[in-house]
Amino acid sequence: MKVYWTNTAQRHLNAIHAYIAQNSPQYANRIVDRLTGRSQQIGSHPLSGRIVPEYEMSQIREVIEGTYRIIYYSKPDQIDVLAVIHGAMNIFQDKDKT
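Residues numbered from 1 in each chain as written. Predicted model: local features only at pLDDT ≥ 70, side-chain atom pairs only at ≥ 80, totals over all residues. Heavy atoms only, no water.

**What about the nonpolar core?**
Step number 1: Counting residues in each nonpolar core, the largest one holds 18 residues, and the members touching the most others are Trp 5, Leu 35, Ile 70 and Val 84.
Step number 2: If you list the elements that add at least two residues to this core, you get strand E1 (2-5), helix H1 (7-21), helix H2 (25-44), strand E4 (68-74) and strand E5 (78-86).
Step number 3: By residue number, the principal contributor to this core is H2, which donates 5 residues.
Step number 4: When neighbours within four sequence positions are excluded, Leu 35 is seen to be in contact with Trp 5, Leu 13, Ile 16, Glu 65, Tyr 68, Ile 70 and Val 84.
Step number 5: In this structure, Ile 60, Ile 71, Ala 83 and Ile 85 belong to the second largest nonpolar core, which totals 5 residues. (Core = buried A, V, L, I, M, F, W, Y, C linked by side-chain atoms within 4.5 Å. Buried < 20%, exposed > 50% of the residue type's maximum accessible area, 1.4 Å probe, protein only. Helix = DSSP H or I, 4+ residues; strand = E, 2+ residues; numbered from the N terminus. Contact = heavy atoms within 4.5 Å.)

In structure tokens:
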């Protein structure tokens, strides 16, 4: 099944890369490669991820890669990667609050 990365998920990948690259551009590339590489698993086995506990909807699932959660929406004809967030981050966290 085809896997599409939403603009939001792509921005998350870019931010992850930029943050890690401050200390190690090579490691940043490896992490992003590992994260995007999970597309193959998701595309081949859309139900392999667990249901995201915050949503409790069977179509919204996640796979874990290292310390990151790759959250995706499984449709009948495609998979949309919605977000890539650090595992310690609250999915509903308001970015404007500190």
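Additional details are given in the paragraphs that follow.
**A word on H1**
Step number 1: Its 15 residues place the ends of H1 21 Å apart at the C-alpha level, agreeing with the 21 Å of an ideal helix rising 1.5 Å per residue.
Step number 2: Buried residues of H1: Ala 9, Leu 13, Ile 16 and Ile 20, and no others. Buried residues of H1 fall within an arc of 65° about the axis and therefore sit on the same side. Along H1, the residues that are exposed and aim more than 90 degrees away from the buried face are Asn 7, Arg 11, Asn 14 and Tyr 19.
Step number 3: Of the surrounding elements, those touching the buried residues of H1 are E1, H2, E4 and E5. (Expected span 1.5 Å × (residues − 1). Arc of directions from axis to C-beta.)

Such coordinate-based values are descriptive only and should not be taken to indicate function.
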